[in-house]
Amino acid sequence: THSFARVVRASSKGSRALFADMGFLHESEPLSWDQALDSLRLVREHGIEQFLAVFHRCQHIEGDSFKWGDEVEHGIFSLVGGADDVYRSVRVALRSPEVLAELRAVEGRVEELAKASHAERSGFTCTPCTWMPEYGRWMLESTPGHPFEGVEGTAQLEANMKLRRARLAAALQPGEIAPTVTSMPLFGVQGFCEPHQEPNGPVAESLFVPDEVIFPHPRFPTLTKNIRLRRGSRVEIRRPRFEATKALSKLGKEDPIPTSQAEADALDHVYADAMAFGMGNCCLQVTMQASSLSESRYLYDQLAPLTSIMLALTAATPFMRGWICDDDTRWGQLAQSVDDRTPFERSGAPSDVTVDGDERLAGRGVQPLPKSRYDSIDCYIGEGPEVAENNDLPLVLDERHVARLIEGGVDEALARHIAHLFARDPLVLFGDRLHLDDEHDIDHWENLQSTNWQTLRWKPPPPHKGALSSSDEGHIGWRVEFRSMEVQITDFENAAFSSFIVLLSRTILESKLNLYIPMSKVERNMKVAQGREACTSERFWFRTNISAGEGAEAEQIATSDMEPVALMTVSEILMGKGPFPGLIPLCHRHLEAADYEPATRKLLREYLAFIARRAEGKVLTAATWMRSFVLNHEAYQQDGRVPPAAAHDLMIAAAEIGEGQRPCPELVGDVVRLLPCEFPTPTETEVAAQGAAVAQPWLLRPRAGTFPCCSQAAGVNKTEAPSSAQMMMIA
């Protein structure tokens, strides 16, 4: 924990605040749950005041440029045994603190060289990346070192993702890999972590997962323990189990709670019991800066119906705890893994029983809450008449919070959204950060904002950044974070889906599209999106008359002869159905009208074509491909379990596909993308010999050739300078 403090402190540099809210990693010891209980109301009430202070300070921001960035979460895995070893397997490698420190040293060297003269840089291209901790001790998160500018920034994204993959790969030890997959299939199976640790620790009290898999910063274990304590029991995670002959398990509210691994395995569904099973899944997120407060609210609302569509398109989680599941995504698993609701909040009090509850808790701990704090959004927050018309879900909130927000100048739609966030309790409190200056500090606001993990997050500016002029490099405005996508195996896929969100957002803003549907249908779509092969087999509610503009363009988009909201497949939503034009043709129309570089247009057309093929089923989702890989593996026993040998081979395949060393037309068609070669030039080797702080300074260069897709390339040792023969082969 103490060594990690230096990492946290360093993370505040640069512009990473555009992307995420991990700055809440305070360095002191958090309060225990019993100690925190008496301060929960204080945090809720002052969090409202802190939001109001930000709102007043930053509500008049106008004209901010469209900046954006992606976040990719990574896992580090350790291989056990060779390709011919019948007992081969794979484990999560609990080394992310060490890897994070090494990567930060690399980025420090990048920063040094960026400040140096051209001669001193000696051929380095100083492209910074940012690395942050994640929940698991085998995980970390990467973002670009600086935000991208406009749609043109999509031309840089894939190369930047490749650079991050290459830097991470070079920081690994022999026998370690880091494929971009949502999770390791054997997570939670006996002996799944390296070094080995035993479950049933005092934090998670899990039957399957040791506490040592949690990242050592005190926020993470405290979050885990306090969710369990507030709830009154271990979390319960249940997913339908797949078998070759039938799909099992209609999950009910009264499913038994196992007391041993054997009892868990005897159930007709897949059961897990710890936060790590959810927060240990990797995802792909995009954060975009709007030009103003009003535009950020509009963009948030228009992206809401797309969250389920993008979840289905990126489905990549067919396994849990060594079992093959009969659904495809991490979403329900995550929601259950952080469900801190009390029994009364989950099910309601019996009608013949009066329950006083605990006045220290939000809603006294007895007010029914329909779902977990990790789930889909519950309301729109925009300013037009469509908001009230389509906000058809009841919101749990404290009317006193609504009244205070309205009194403070916030309109009712936004006030109800903020108050709804504060219907939850803060989960991690630091004793030295309780009594704060609400005009300048935002700890209490971020405490609730950052632990409502939803499909979208509306993000006010950090007050000191928002107060800067829009032309100031450090300025940060009103942002929207798109959070539903699952991480993909290749950088091409991750770049394609991230770029699609960026391009579609600009299309929405420029064309003033109206994508509102009733929020109850957004909720229904999210449930449907989690099903097996939902991308091609399910239909989703979507608006058909999507024009809010005027004139000829509006006439081309309007579809008055269709129902205003209709059930459509993902392919129909993207490519059109009858008079409904489809989102991808609208993006093409925007590309033709906008003044983008020809290379950018060509790349975006390639991404759009790929996404259309995914929606049509011409290329598989990662979930379908990985499930098929295991079902057709020679070690599979037709029992619904992932064999260790199959997990080993699958993770190697995913790593090699991600690095461009193995083609996979089932996933990406005929696209070939290759990982940058990170070998040192003679000049760089000389710089290293002169005492550079980084052992492998060639990691600073984003591209220096590519690995060919051939077995010889895989034999090159990345930690040594290649021979002249190897260099010729790579050339």
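Just so it is clear, the model here is predicted, and its values are computed rather than measured. (Residues numbered from 1 in each chain as written. Predicted model: local features only at pLDDT ≥ 70, side-chain atom pairs only at ≥ 80, totals over all residues. Heavy atoms only, no water.)

## Digging into the packing of helix α4 (residues 96-115) against helix α6 (residues 154-170)
With their axes 10 Å apart at the nearest point, α4 and α6 run at an angle of 125 degrees to one another. On the basis of the axis angle, α4 is oblique to α6. Crossing of α4 against α6: the hand is right-handed. Residue-level inspection shows Val-99, Glu-102, Leu-103, Val-106, Glu-107 and Val-110 of α4 in contact with α6, the latter providing Arg-167, Leu-168 and Ala-170. In terms of residue class, the contact of α4 with α6 is made up of 6 nonpolar, no polar and 3 charged. (Axes fitted to C-alpha atoms, helices over the stretch in contact; angles between N-to-C directions. Helix = DSSP H or I, 4+ residues; strand = E, 2+ residues; numbered from the N terminus. Parallel < 35°, antiparallel > 145°, perpendicular 65-115°, else oblique. Left-handed = near helix turned anticlockwise from the far one by under 90°. Contact = heavy atoms within 4.5 Å. Nonpolar A, V, L, I, M, F, W, Y, C, P; charged D, E, K, R; others polar.)

## Notes on the environment of Asp-84
Considering the arrangement of structural elements, one finds Asp-84 in the loop between β2 (77-80) and β3 (89-93). The exposed category is assigned to Asp-84, whose relative accessible area is 79%. On a C-alpha basis, the gap between Asp-84 and Ala-645 in space is 9.6 Å, while along the polypeptide they are 561 residues apart. (Buried < 20%, exposed > 50% of the residue type's maximum accessible area, 1.4 Å probe, protein only.)

## A short note on the confidence of the model for the protein
Across the protein, the average pLDDT comes to 88, with 83% of residues at 70 or higher. Below a pLDDT of 50 lies the segment residues 1-15, which in the model reaches 20 contacts outside its immediate sequence neighbourhood of four places, other chains included. Confidence over residues 676-731 falls short of pLDDT 50; this stretch has 95 contacts with residues more than four positions distant or in other chains. (pLDDT = per-residue confidence, 0-100.)

## Considering the sheet that holds β3
The strand order across the open sheet built from 4 strands is β7-β2-β3-β8, with neighbouring strands paired in mixed fashion. Two strands close off the open sheet at either side, each with one partner strand: β7 (176-177) and β8 (193-194). By the bridge criterion, 4 bridges tie β2 to β3 in an arrangement that is antiparallel. Residue Phe-77 lies in a different strand from β3, and its bridge partner there is Val-92. Seen against the sheet, helix α27 (residues 644-658) touches β2, β3 and β7 and runs at an angle of roughly 65 degrees to β3. (Pairing = 2+ DSSP bridges.)

## Topic: the pattern of salt bridges
Following the criterion strictly, the structure yields 48 salt bridges and no others. Here Glu-149 ties to Lys-67 by a salt bridge, and the two come within 3.9 Å at their closest N and O atoms. One end of the pair, Glu-149, is in strand β6 (residues 148-149); the other, Lys-67, is in strand β1 (residues 67-75), and 82 residues separate them in sequence. Its relative accessible area of 45% is what places Glu-149 among the partly exposed residues. Across the pair Arg-167 and Glu-107 runs a salt bridge, and its minimum N-O distance is 2.9 Å. Of the two residues, Arg-167 is situated in helix α6 and Glu-107 in helix α4; the sequence distance between them amounts to 60 residues. Connected via shared salt-bridge partners are Arg-44, Arg-230, Asp-340, Glu-345, Arg-373 and Asp-425. (Salt bridge = Lys/Arg side-chain N within 4 Å of Asp/Glu carboxyl O.)

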